[in-house]
Amino acid sequence: MDNKVTLQEIKDSIVEKTGDSKIFVDTFIHELLNIIKEGLQRDGQVNLSGLGKFKLKWVEIQNARNPITGETIEVPAHNKIIFKPEKKMRIFVNRKFNHLTSKEITVKKVNTPKINEETIMKESIIYGQNDVPPNPNEKNDDLSEDKKKKYIIPIIGIIILLLILLLLFLFLNKKKDKNDSPIAPKLTIVDSTQTTVDSTETDKDKDTEIEKEEKEEADVSDDMVYNETSIIHKVKAGNTLWSLANKYYNNAPLWPNIYRKNLENVIEPDIIFPGMVIEIPNLEGTGHALTKQDSFNIAEGYYLSYLAYKKFNLKDAKNYLRIAKRFNTTVEENKK
Amino acid sequence: MTTNELITILAERLECSQVEAKNTLEKTTETFKEIIGKENSFSLPKLGTYSVVKRERRKSYNPSKQVHLMLPVKNVLHFKASTFFKDEVKNWRKK
């Protein structure tokens, strides 16, 4: 409000309306304000018809906090002025929005726990009755049986439907792969990823895999070939070095070990493209129990990724150097 | 203190009839109202400032009926007492 209304303007407009002298209006307003104060002091409340109600409120001692410095300050007990506008005044001020009314809203979150509570209560009551008195068991059993029947019929229906669907799926799968037995080799692959398998088994796996790759490239989730030292993985959409490390090592922060081997293909470690062929070196230990050589390799990988990020002027590049140091120190500790 | 008491005291001090005092009081409140309608705020020296404040629409909950409500936008008349008035009032004893 840049155009502030001065007291003089207010007085002038009153003079226009009433036709009294200026001096009279001047003294009138002066006295009015004085009387409001006096009335507050005397009764603690002043009604001014046409405007509202002034009131005094007593506030007890309270602790306040300065939000900037954090100090606690004791605010002494004091009186507080409250002004409540008249109803006419409130309606006048709110004349723009008086036509608006409050509306009911439905909120889902509140309704669900109520139902749960009720059901739990009912169940607990029934169990309680069953435990203590032996005679009225029959009535309660009838009630519970009726309820059970109500529940059991739809549940059985659902189970039958699921079974039918399962059977249908199995039949369809059998029709697709009549020559191969589809489920068994897949399971072996999963095992082979978790534990490094002997060379003879890997050979068999290779053969089956190659056949599969030729037949159904789209259906197999990840195309991979096993060597003794490393796994070769074809990148799919949604893959990251992080996710690959999580998959093959069961420990995502070991991703620089993969990056270290693929410096030529992967320019920035955050970015891999689908269709890329990535070599994933096997660890000497497991993902959670690294050998000295492993941790040294990972430290090297973190250092290389630090260099790569530094090229792209990333602010967080230093963090990778710190992590690399951490992996190196572990090596030193092991040596000691 | 009611308005009638206020008017009698005013009439005594200004040495005029109560009817006159009542008329001028009504006119002053009217002018206040007009100013609020036009300018949204005005201040009375040594007493405080009146201003119109807009309250945005908000969610609320009626615990007795257990109903969630959306309250609409609202304009409210707000009074802020001046520091002079506050300091004066502060140390009056509780009654």
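Rules behind the numbers
- Residues numbered from 1 in each chain as written.
- Chains lettered and ligands numbered in written order.
- Predicted model: local features only at pLDDT ≥ 70, side-chain atom pairs only at ≥ 80, totals over all residues.
- Helix = DSSP H or I, 4+ residues; strand = E, 2+ residues; numbered from the N terminus.
- Buried ≥ 20, exposed ≤ 12 C-beta atoms within 10 Å, placed from the backbone.
- Contact = placed C-beta atoms within 7 Å.
- Core = buried A, V, L, I, M, F, W, Y, C linked by C-beta atoms within 7 Å.
- Axes fitted to C-alpha atoms, helices over the stretch in contact; angles between N-to-C directions.
- Parallel < 35°, antiparallel > 145°, perpendicular 65-115°, else oblique.
- Left-handed = near helix turned anticlockwise from the far one by under 90°.
- Nonpolar A, V, L, I, M, F, W, Y, C, P; charged D, E, K, R; others polar.
- Pairing = 2+ DSSP bridges.
- pLDDT = per-residue confidence, 0-100.
- Expected span 1.5 Å × (residues − 1).

A word on the overall build of chain B
Next, step 1: Of regular secondary structure, chain B possesses three helices and five strands.
Next, step 2: In chain B, the order of α-helices and β-strands from amino to carboxyl end is α-α-β-β-β-β-β-α.
Next, step 3: Expressed as a percentage of the 95 residues in chain B, the buried residues total 16%.
Next, step 4: By sequence separation, contacts in chain B at least 24 residues apart represent 30% of the contacts at least 6 residues apart.

Brief notes about the nonpolar core
For soluble globular proteins, the rule of thumb is that nonpolar side chains tend to be buried together.
Next, step 1: Ranked by internal contacts, the top residues of the largest apolar core, which has 25 residues, are A:Leu241, A:Ala245, A:Ile258 and A:Tyr302.
Next, step 2: Within the residue set of this core, elements represented by two or more residues are α8 (241–249), α9 (256–261), β9 (277–281), α10 (292–311) and α11 (317–335) of chain A.
Next, step 3: With residues near it in sequence (within four places) discarded, A:Leu241 still touches A:Trp255, A:Ile258, A:Tyr259, A:Pro269 and A:Ile272.
Next, step 4: In terms of nonpolar packing, the next biggest core, distinct from the first, is built from 22 residues, A:Val46, A:Phe54, B:Leu10 and B:Ala21 among them.

Overview of the packing of helix α1 (residues 7–18) of chain A against helix α2 (residues 22–43) of chain A
Residue and element names in this part refer to chain A.
Next, step 1: Where α1 meets α2, the axes come as close as 10 Å, and the angle between the chain directions of the two elements is 120°. For the element pair α1 / α2, the angle class is oblique. Read as a crossing pair, α1 and α2 show a hand that is right-handed. Contacts from Lys11, Ile14 and Val15 in α1 reach Lys22, Val25, Asp26 and Ile29 in α2.
Next, step 2: Tallied by class, the residues present in the contact of α1 with α2 amount to four nonpolar, no polar and three charged.

A closer look at the interface of chain B and chain A
Many structure descriptions define interface size as the accessible area lost when the parts assemble.
Next, step 1: Between chain B and chain A, the contact holds 50 residues from the first and 51 residues from the second.
Next, step 2: For the side of chain B that touches chain A, the elements supplying multiple residues, two or more each, are α1 (3–14), α2 (18–39), β1 (41–44), β4 (67–71), β5 (74–81) and α3 (83–90) of chain B.
Next, step 3: A total of twelve residues in the side of chain B that touches chain A trace back to one element, the largest contributor, which is α2(B).
Next, step 4: A per-class count over the side of chain B that touches chain A returns 26 nonpolar, eleven polar and 13 charged.
Next, step 5: Taken together, the three bridges between strand β6 (residues 103–105) of chain A and β4(B) define a ladder with antiparallel strand orientation.

A look at the environment of B:Arg57
Residues and elements named next belong to chain B.
Next, step 1: Looking at the element boundaries, Arg57 is found in the loop between β2 (48–55) and β3 (58–62).
Next, step 2: For the pair Arg57 and Met70, spaced 13 residues apart in sequence, the C-alpha to C-alpha distance is 7.0 Å.
Next, step 3: Filtering out sequence-adjacent residues up to four positions away, Arg57 remains in contact with Met70, Leu71, Pro72 and Val73.

Let's talk about the confidence of the model for chain A
All names here are of chain A.
Next, step 1: For chain A, the average pLDDT comes to 73, and 69% of its residues sit at 70 or higher.
Next, step 2: Within chain A, the element-level pLDDT minimum falls on helix α6 (residues 183–194), averaging 44, and the maximum on strand β3 (residues 62–65), averaging 89.
Next, step 3: In the predicted structure, residues 181–202 sits below a pLDDT of 50 and forms 13 contacts with residues beyond four places in sequence or in another chain.

Let's talk about the sheet that holds β2(B)
All names here are of chain B.
Next, step 1: Ordered in space as β1-β2-β5, the three strands form an open sheet in which the pairing is antiparallel. Each end of this open sheet is capped by a strand with a single partner; those strands are β1 and β5. When strand polarity is set aside, the average angle formed by the axes of neighbouring strands in this sheet is 25°.
Next, step 2: Here eight bridges tie β2 to β5, and the two strands are oriented antiparallel to one another. Along β5, the bridge assignment pairs Gly48 with Ala81.
Next, step 3: Packing of α2 onto the sheet brings it into contact with β1, β2 and β5, and relative to β1 it is tilted by some 140°.

A few points about the confidence of the model for chain B
Residues and elements named next belong to chain B.
Next, step 1: Per-chain confidence: chain B averages 86 in pLDDT, with 97% of residues scoring 70 or above.
Next, step 2: Model confidence for chain B, summarised as mean pLDDT per element, is weakest for β1 at 84 and strongest for β5 at 90.
Next, step 3: Reported confidences for the modelled complex are a pTM of 0.44 and an ipTM of 0.85.

Re α10(A)
Think of an α-helix as 3.6 residues a turn; residues three or four steps apart then line up on the same face.
Residues and elements named next belong to chain A.
Next, step 1: End to end, α10 covers 29 Å across 20 residues, agreeing with the expected 28 Å (1.5 Å per residue, within 8%).
Next, step 2: Among the residues of α10, those classed as buried are Asp294, Ser295, Asn297, Ile298, Ala299, Gly301, Tyr302, Ser305, Tyr306 and Tyr309.
Next, step 3: Just beyond α10, the residue with positive phi is Asn313, at close to 60°.

Some words on the sheet that holds β6(A)
Next, step 1: Spatially, three strands are ordered β6(A)-β4(B)-β3(B) in an open sheet, and the strand pairing comes out antiparallel. In this open sheet, the two edge strands, each paired with only one partner strand, are β6 of chain A together with β3 of chain B. Here the average twist between neighbouring strands, direction ignored, is 40°.
Next, step 2: As paired strands, β3(B) and β4(B) are joined by five bridges and run antiparallel to one another. Directly across from B:Arg58, in β4(B), lies its bridge partner B:Leu71.

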